[in-house]
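In case you want the letters, here they are:
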Amino acid sequence: MKICLQWVYEQGVGCIVKSYNKNRMKENLDIFDWRLNSEDLKKISEIPQEKLRHGANDFIHDKGPYKSLKELWDGEI
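Reading the values: rules and limits
Residues numbered from 1 in each chain as written. Predicted model: local features only at pLDDT ≥ 70, side-chain atom pairs only at ≥ 80, totals over all residues. Heavy atoms only, no water. Helix = DSSP H or I, 4+ residues; strand = E, 2+ residues; numbered from the N terminus. Rg over C-alpha atoms; globule rule 2.2 N^0.38 Å. Buried < 20%, exposed > 50% of the residue type's maximum accessible area, 1.4 Å probe, protein only. Areas by Shrake-Rupley, 256 points an atom, 1.4 Å probe, with all protein chains shown as cover. Lys, Arg positive; Asp, Glu negative; His and termini not counted. Charge placed at Lys NZ, Arg CZ, Asp CG, Glu CD. 1 Å grid on protein atoms, 1.4 Å probe; cavity = no way out; pocket = protein on both sides within 12 Å on 5 of 7 lines; lining within 4 Å. Points joined across faces, edges and corners; volume = space filled by probe spheres on them. Nonpolar A, V, L, I, M, F, W, Y, C, P; charged D, E, K, R; others polar. Salt bridge = Lys/Arg side-chain N within 4 Å of Asp/Glu carboxyl O. Contact = heavy atoms within 4.5 Å. Polar contact = N/O pair within 3.5 Å; in protein donor to acceptor, adjacent residues only side chain to side chain. Phe/Tyr/Trp six-rings, centres within 6.5 Å; stacked < 30°, edge-to-face > 60°.

Across its full length, the protein carries 4 helices and 0 strands. Helices (α) and strands (β) of the protein occur, in sequence order from the N terminus, as α-α-α-α. Taking 77 residues into account, the globule formula puts the C-alpha radius of gyration at 11 Å, and the protein, at 19 Å, lies well above it. Counting only C-alpha atoms, the protein reaches 50 × 35 × 25 Å along its principal axes. Here the protein holds 77 residues, and the buried ones make up 14% of them. When the accessible surface of the protein is totalled, it reaches about 7500 Å², and 55% of it is carbon and sulfur. Where the 13 positive side-chain charges of the protein centre and where its 13 negative ones centre are 4 Å apart.

Reported here for the largest pocket is a volume of approximately 240 Å³. Only helix H1 (2-11) and helix H2 (22-29) provide two or more residues apiece to the lining of the largest pocket. Considering only residue class, the lining of the largest pocket consists of 11 nonpolar, 3 polar and 1 charged.

With the rule as written, the count across this model stands at 5 salt bridges. In this structure, Asp 30 engages Lys 2 in a salt bridge whose closest nitrogen and oxygen atoms are separated by 2.8 Å. Separated by 28 residues along the polypeptide, Asp 30 in the loop between H2 and helix H3 (38-45) and Lys 2 in helix H1 bring together distant segments of the chain. Since its relative accessible area comes to 31%, Asp 30 is described here as partly exposed. For Glu 46, the salt bridge goes to Lys 42, with nearest N and O atoms at 2.5 Å. On the basis of relative accessible area, Lys 42 is assigned to the exposed category, the value being 51%.

By the secondary structure assignment, Lys 67 is in the loop between H3 and helix H4 (69-72). Considering only alpha carbons, one finds Lys 67 and Glu 46, 21 residues apart in sequence, at a separation of 41 Å. In contact with Lys 67, other than residues within four places in its own chain, are Ile 60, His 61 and Asp 62. Side-chain polar atoms of Lys 67 contact the backbone oxygen of Gly 64, separated by 2.5 Å.

Quick look at the packing of aromatic side chains now. To describe a pair of aromatic rings, you give the distance between the ring centres and the angle between the ring planes. Counted under the stated rule, the structure contains 1 aromatic pair. Relative to Phe 32, the ring of Tyr 9 has its centre 5.0 Å away and its plane inclined at 90°; by these criteria the two rings are edge-to-face. Note that Tyr 9 is positioned in helix H1 and Phe 32 in the loop between H2 and H3, a separation of 23 residues in sequence. On the basis of relative accessible area, Tyr 9 is assigned to the partly exposed category, the value being 41%. We classify Phe 32 as exposed; its relative accessible area is 52%.

Structure, rendered in structure tokens:
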């Protein structure tokens, strides 16, 4: 987890981490005094990645709270 948090931090991206364990919370904050080396960054960049996109149809279902696109989206951005 520590390496994942460090990578996210070095990318300049925000990350929300949830833990109620005091030791884990301290570990999560221990990313500011070191950096990933170029070899680690290269290995991480070789991991296949996919961006997850949800379409509106993923939220529409006849048994769910939104039964149509009109119910889901009011047209405002």
